[in-house]
Amino acid sequence: MPLECTYTHTNIIAKDWRKLADFYQYVFGCQPLLPERDLQGEWLQRATGVKDAHLRGAHLRLPGCGENGPTLEIFEYNTLAPESPRAVNQPGLAHLAFAVRDVAVARQMVLAHGGRDLGEMVTVFVAGKGEVTFAYLRDPEGNILELQCWK
């Protein structure tokens, strides 16, 4: 029998949490959920396993999820581990997906605000579901996004 649970948030560790939060607010309409976080102490070091951990950041309400829906948590550590390149086919969390009205328009907005293309925009028919247009891109810090529109 599965656990009784509720999905609460997805976390992104940023190099500059304010800049990345601004991107998600401006491009996707995410709304900040106060208070901003400024967390540190022995308890955080024990919980994360990161020596002298200090986190700053905020939760953003995701569009279309309502006031009590899950959030996007964007945090920044005082020290960062070495970065490794992310790939669409890499095991683990792969991407964040946003349903948009027009993938081409949304793609241009992502690019205009510091994002980058990862692949091409494509349209394909999915049996039993319909036609989907989608594209994979990167946000300003390299996290992978999917933009999609079903018809």
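As a starting point, this report considers the structure included with it. Here the structure is a predicted model, which is why all the values come from computation and not from measurement.

Let's shift gears to a nonpolar patch on the surface. On the surface, V124, V126 and W150 cluster together into a nonpolar patch covering about 220 Å² of accessible area. Mapped onto the secondary structure, V124 falls in strand β7 (residues 122-126). Judged by relative accessible area, which is 38%, V124 ranks as partly exposed.

Here we have four strands laid out as an open sheet, ordered β1-β4-β3-β2, and mixed in their pairing. Taken across any chain shown, the strands that pair with only one partner, and hence form the sheet edges, are β1 (9-13) and β2 (31-40). Across the sheet, the mean angle from the axis of one strand to that of its neighbour is 20°, orientation sign disregarded. As paired strands, strand β3 (residues 54-61) and strand β4 (residues 71-77) are joined by seven bridges and run antiparallel to one another. Across the sheet, residue G57 finds its bridge partner in β4, namely F75. In this fold helix α1 (residues 17-28) packs onto β1, β2, β3 and β4, with an angle of close to 160° to the strand it touches most, β4.

As a further point, take the packing of aromatic side chains. We describe a pair of aromatic rings using the distance from one ring centre to the other and the angle between the two ring planes. Counted under the stated rule, the structure contains six aromatic pairs. Arranged with centres 5.9 Å apart and planes meeting at 80°, the rings of F134 and Y136 form a pair that is edge-to-face. Y136 gets classed as partly exposed once you look at its relative accessible area, which sits at 23%. Members of the aromatic cluster, joined through ring pairs, are F23, Y24, F28 and F98. The ring of W150 has K129 lying over it, and the distance from NZ or CZ to the ring centre is 4.9 Å.

Among the nonpolar cores identified, the biggest contains 25 residues, and Y24, F28, I74, F98, V110, L145 and L147 are the most heavily contacted of them. Secondary structure elements with two or more residues in this core: α1, β3, β4, β5 (96-99), α3 (103-112), β8 (130-138) and β9 (144-150). With seven residues, the top contributor of residues to this core is α1. Every residue in contact with I74, bar those within four places of it in the chain, is listed here: I12, A14, W17, L20, A21, Y24, R56, G57, A58 and L60. Formed by five residues, the second largest nonpolar core is a distinct cluster that contains L44, A53, F75 and Y77.

Below, the discussion takes up α3. Every buried residue of α3 is listed here: V103, A106 and V110. Each buried residue of α3 sits inside an arc of 65° when the element is viewed along its axis, so together they form one side. More than 90 degrees from the buried face of α3, the exposed residues found are V105 and A112. On its buried face, α3 sits against α1, β8 and β9.

Rules used throughout
- Residues numbered from 1 in each chain as written.
- Predicted model: local features only at pLDDT ≥ 70, side-chain atom pairs only at ≥ 80, totals over all residues.
- Heavy atoms only, no water.
- Patch = residues over 30% accessible without salt bridge, like charges linked within 9 Å, V, L, I, M, F, W, Y side chains within 5 Å.
- Areas by Shrake-Rupley, 256 points an atom, 1.4 Å probe, with all protein chains shown as cover.
- Salt bridge = Lys/Arg side-chain N within 4 Å of Asp/Glu carboxyl O.
- Helix = DSSP H or I, 4+ residues; strand = E, 2+ residues; numbered from the N terminus.
- Buried < 20%, exposed > 50% of the residue type's maximum accessible area, 1.4 Å probe, protein only.
- Pairing = 2+ DSSP bridges.
- Axes fitted to C-alpha atoms, helices over the stretch in contact; angles between N-to-C directions.
- Contact = heavy atoms within 4.5 Å.
- Phe/Tyr/Trp six-rings, centres within 6.5 Å; stacked < 30°, edge-to-face > 60°.
- Lys NZ or Arg CZ within 6 Å of the ring centre and 35° of its normal.
- Core = buried A, V, L, I, M, F, W, Y, C linked by side-chain atoms within 4.5 Å.
- Arc of directions from axis to C-beta.

Keep in mind these numbers describe shape, not what the thing actually does.
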